Amino acid sequence: MCKGLAALPHTCLERAKEIKTKLGTLLQKPDSTIDFIIPYPEKPEKPPKTQKPSPEEALQWRDSLEKLLQNPYGLASFCSFLRSEFSEENAEFWVACEDYKKIKSPAKMAEKAKKIYEEFIQTEAPKEVNIDHFTKAVTMKNLVEPSPSSFDMAQKRIFALMEKDSLPRFVRSEFYQELIK
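First things first, this report covers the structure right here in the doc. (Residues numbered from 1 in each chain as written. Predicted model: local features only at pLDDT ≥ 70, side-chain atom pairs only at ≥ 80, totals over all residues. Heavy atoms only, no water.)

Considering the nonpolar core
- Core analysis: the largest hydrophobic core is formed by 38 residues, its most contacted members being F93 and F151.
- Of all the elements in the fold, those that place two or more residues in this core are α2 (55-61), α3 (65-70), α4 (72-84), α5 (89-101), α6 (106-121), α8 (152-172) and α9 (174-179).
- The greatest single-element share of this core, amounting to 7 residues, is contributed by α8.
- Excluding residues within four positions of it along the chain, F151 makes contact with F93, C97, Y100, A113, I116, Y117, I121, T139 and L143. (Core = buried A, V, L, I, M, F, W, Y, C linked by side-chain atoms within 4.5 Å. Buried < 20%, exposed > 50% of the residue type's maximum accessible area, 1.4 Å probe, protein only. Helix = DSSP H or I, 4+ residues; strand = E, 2+ residues; numbered from the N terminus. Contact = heavy atoms within 4.5 Å.)

Points about the packing of aromatic side chains
- One pass over the structure, following the stated rule, counts 6 aromatic pairs.
- Taking 6.3 Å as the distance between ring centres and 85° as the angle between the ring planes, the aromatic pair formed by F93 and F151 counts as edge-to-face. Linking F93 in helix α5 with F151 in the loop between α7 (133-142) and α8, this pair joins segments that are 58 residues apart in sequence.
- Judged by its relative accessible area of 2%, F151 falls in the buried class.
- Here Y100 and F151 contribute two aromatic rings whose centre-to-centre distance is 5.1 Å and whose plane-to-plane angle is 85°, an arrangement assigned as edge-to-face. Of this pair, Y100 sits in helix α5 while F151 is found in the loop between α7 and α8, placing the two residues 51 residues apart along the sequence.
- Members of the aromatic cluster, joined through ring pairs, are F78, F81, F170 and Y176. (Phe/Tyr/Trp six-rings, centres within 6.5 Å; stacked < 30°, edge-to-face > 60°.)

Overview of the environment of K101
- In this fold, K101 is placed in helix α5.
- The exposure class of K101 is partly exposed, given its relative accessible area of 32%.
- With 12 residues separating them along the chain, K101 and A113 place their C-alpha atoms 10.0 Å apart.
- Those residues in contact with K101, other than ones at most four positions away along the chain, are P148, D152 and Q155.
- Polar contacts involving the side chain of K101 include one to the side chain of Q155, which spans 2.8 Å. (Polar contact = N/O pair within 3.5 Å; in protein donor to acceptor, adjacent residues only side chain to side chain.)

A look at α6
- Of the residues making up α6, those classed as buried are M109, A113, I116, F120 and I121. Looking straight down α6, one finds that the buried residues subtend no more than 70° of arc, so they occupy a single side. Residues A107, K108, E111 and K114 are exposed on α6 and point more than 90 degrees away from its buried face.
- Considering only its buried residues, α6 is in contact with α5, α7 and α8. (Arc of directions from axis to C-beta.)

Observations regarding the packing of α5 against α8
- Between α5 and α8, the least distance of the axes is 10 Å, while the angle of their chain directions is 145°. α8 is crossed by α5, and the crossing has left-handed handedness. Across the interface between the two elements, N90, A91, F93, W94, C97, E98 and K101 from α5 touch D152, A154, Q155, I158, F159, L161 and M162 from α8. (Axes fitted to C-alpha atoms, helices over the stretch in contact; angles between N-to-C directions. Left-handed = near helix turned anticlockwise from the far one by under 90°.)

Concerning the environment of E163
- With respect to the helices, strands and loops of the structure, E163 is situated in helix α8.
- Put simply, E163 and S64 are 99 residues apart on the chain and 8.1 Å apart in space, counted from C-alpha to C-alpha.

What about the pattern of salt bridges?
- Scanning the model with the defined rule gives 9 salt bridges in all.
- Ionic pairing is found between E98 and K101, a salt bridge with its closest N-O pair at 3.3 Å. With E98 and K101 both in helix α5 and 3 residues apart, the pair spans about one turn of that helix.
- With a shortest N-O distance of 2.8 Å, R169 and D165 are connected by a salt bridge. (Salt bridge = Lys/Arg side-chain N within 4 Å of Asp/Glu carboxyl O.)

Following this line, the structure appears as structure tokens:
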């Protein structure tokens, strides 16, 4: 017979309240995410030791996701920011696709393509990216005979998503604001 909540240890009830609060926060509309406090460090972890860009160079990133992703410090900063928002899979997928395009050996290309598919594309993948059914189907078809362009359509969709959604949030972040001072 169920004894109700009173039978649970106090620590379990407190933990359940914390989880409920966190889930409620995460379920809010994205536009309101600027105002709520995540119970994790306010600033993303600092990127690895690469040369910090000048404020002028960092200012260019607000208008060009491509420039941001091509700069090692910018990419590391952006990934740290996305990690703080629990949405780093898009940047990781983009980087994996860029690395994939550099592979020359067909055997290694097929191996890397399988790994990318299993990690980011397949349904219920550990870091599944948000792409439409058509893009997923085209990508799967391309993987029958892997080529450097196998993930191009999916990569372009994710780039557009990051440009429209993640980049504006990054530009408003405290970490980016410190870079342009």
